[in-house]
Amino acid sequence: MEQWKRNVYICTLAAFITSAGMSQLAPMLPLYIRSLGVEDPGEVARWAGIVFAMNFVTLAVFSPIWGRLSDRYGRKLMCLRAVIWLGIINFGMGMAQQVWHLVALRLLQGALSGFLATAMPLVSSESPAKHAGWALGLFFTGQISGSLIGPLLGGWLSETVGFRHTYFIVGSMCLLSSLALLGIHETYKPSGAVSAKLSNRDVFSSLTRPSLLFGIFLTTFTFQFSLMCVQPILTVYIAGLVPDSEHIALISGAVFSSAGFASALFGSRLGALSDRIGAQKVLFCSLLTACLVSVPQAFVTAPWQLGILRFIHGVAVAGLMPSVNHLIKQAAPPEFLGRMYGFNQSFQFIGMSSGAIFGGYIAEYFGIPVLFFLAAAMLLASAGVCYKVIGAK
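Residues numbered from 1 in each chain as written. Predicted model: local features only at pLDDT ≥ 70, side-chain atom pairs only at ≥ 80, totals over all residues. Heavy atoms only, no water.

**Student:** Explain empty space enclosed by the protein to me, and be specific about the residues and the numbers.
**Tutor:** For the structure on display, the rule yields two cavities of 30 Å³ or more. Lining the largest cavity, in full, are Ser226, Leu227, Val230, Ser294, Gln297, Arg310, His313, Phe372 and Ala375. Elements with a contribution of two residues or more to the lining of the largest cavity: helix 11 (210-228), helix 15 (303-331) and helix 17 (369-390). Looking at the lining of the largest cavity, its residues break down into four nonpolar, four polar and one charged. (1 Å grid on protein atoms, 1.4 Å probe; cavity = no way out; pocket = protein on both sides within 12 Å on 5 of 7 lines; lining within 4 Å. Points joined across faces, edges and corners; volume = space filled by probe spheres on them. Helix = DSSP H or I, 4+ residues; strand = E, 2+ residues; numbered from the N terminus. Nonpolar A, V, L, I, M, F, W, Y, C, P; charged D, E, K, R; others polar.)

What follows is the structure in C-alpha cells.
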C-alpha cells in the first residue's frame, strides 16, 4: 500500500475514534449530572447545556492556535498530542465528583485537544493533489461515522458498565489510537519559527487570493449555522407531527441517523467526484441541493417524509465539507495550511454554537417551520457567494 494511503486510513481511524469519544457524551450526560447530585430537572437541563457547549467555545478559540503550531512543529506531533490529551480528559471526566468538574474538563477538552485542526492539514498535505478530494472525503466519512456510533456506544456502555467506566473505555480507545498514529510517515517539513511568527494579517496579505479563503470561511459558517439552528429542536418538531406516538425518541433517532448515514455513505464518493470535476462545482451543487430540500421540510406531515428529506440533506453535507477542505488545500501555501484549517474550524464551531442559540429563540417566537425557510435563505446566499467569490465553473 502506498504510504499516503496508509496515512489517510490511519487518520480516518483516529477521526472515527475521536468523534465517537466526543459524541458519546450526549445521551448519558443528563443522567451522569443527576448522579453527581443535581436532582431538579430544570437544573439538570441547564447544566447539561452548559457542559455540552463548553467544548465548542474553546474549540473555536484554540483551533487556529493548534493549526498554527502544526505548521511550525509538524502535523503528526500535534495529532499525537491531541488524542493523548483527549484520552486523559476522558479519564478525568470519569473521575468527576461535582458537575463543575465536567464544565472545567469540557473547557480543557476543547482547548487542549484540537485533533481535527491538526489532522485535516496532515491528510491534505500528505495526499497527492489529484486524490486530495477522495482522501478528505474518506476522512470526513470516518468523522461522521464516529459521531453516529458515539451516542449509541455511550448509551449502551452506560447501561452495561456505568457512566464512569464508559469514560475510562473511551479514554483507553483514544490512547490506543495514538499508537496507530505512530505509523504515519510525514513528509511535510515544519516551516520553523520564521513563518510561524508571521501575524495573521501578514499571512493573508501574502496570499494570491485571500478573498477565496474568506469566501470559504463564510460558507462554512453559514452552512453550520443553517444546520444547527434546526438540529437541536428537530425532536420537538417530530413530536408535533406524531403527538400520540409513544416512540418519539426512536422515531427522532431514525430521522437524525438518516442524514448521518447519507453523509457517511457519500463522503468519499463525492470527494472523488471533486477530484474529477472540481471541488468548487461539488460545493456549489451541494449548497443548492441543501437549499432546495430545506423548504419542503417546513411542510411535511409525517416523520418518514422528513426522514427522506434529511437523507438528501445528508448527501449535500457529504459534498460540502470535503469540498471546502479541498479548496483550502488549493488556496493556502503548505507552510500556512494548518493555520487556515484552524481558522475554518473556528468558523465551523462559531456557526454551530450561534445557530443552536439563535435557532431556539427564533423557534420560540416564530415557530419551527420558519427555521427551514431561514436555513434555505442562508444556503442560497452562500451559494451566491460561492459562485461569485469561489467560482462554480
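Past the structure itself, the notes keep going.
**Student:** A description of helix 11 should follow, citing residues and the corresponding values.
**Tutor:** Along its 19 residues, helix 11 runs 27 Å from first to last C-alpha, staying within 8% of the 27 Å computed at 1.5 Å per residue. The element helix 11 is extensively covered by neighbouring structure, given that 14 of its 19 residues are classed as buried. (Expected span 1.5 Å × (residues − 1). Buried < 20%, exposed > 50% of the residue type's maximum accessible area, 1.4 Å probe, protein only.)

**Student:** Give me the lowdown on a nonpolar patch on the surface, citing residues and values where you can.
**Tutor:** A contiguous nonpolar patch, built from Ile357, Phe358, Tyr361, Tyr365, Phe366 and Val370 and spanning about 710 Å² of accessible area, is present on the exposed surface. Tallying contributions element by element places helix 16 (residues 337-366) first for the nonpolar patch, with five residues. One can find Phe366 in helix 16. (Patch = residues over 30% accessible without salt bridge, like charges linked within 9 Å, V, L, I, M, F, W, Y side chains within 5 Å. Areas by Shrake-Rupley, 256 points an atom, 1.4 Å probe, with all protein chains shown as cover. Salt bridge = Lys/Arg side-chain N within 4 Å of Asp/Glu carboxyl O.)

**Student:** Describe in detail the pattern of salt bridges, supporting the description with residues and values.
**Tutor:** As enumerated under the stated definition, the model contains one salt bridge in all. Note that Asp71 is salt-bridged to Arg75, the shortest N-O span being 2.7 Å. With a relative accessible area of 0%, Arg75 lands in the buried category.

**Student:** Could you give an account of the nonpolar core, naming the residues involved and the relevant values?
**Tutor:** With 61 residues, the main nonpolar core has Phe115, Phe139, Leu181, Leu213 and Met340 as its most contacted residues. Leu181 has contacts with Ile10, Ala14, Lys76, Cys79, Leu80, Val83 and Phe115, leaving out every residue within four places of it along the chain. (Core = buried A, V, L, I, M, F, W, Y, C linked by side-chain atoms within 4.5 Å. Contact = heavy atoms within 4.5 Å.)

**Student:** Give me the side chain of His313: which residues, what numbers.
**Tutor:** Inspection of the secondary structure puts His313 in helix 15. Taking the relative accessible area as the measure of exposure, His313 reaches 5% and is therefore buried. Not counting the four nearest positions on each side in its chain, His313 is found in contact with Phe223, Leu227, Ala290, Val293, Ser294 and Gln297.

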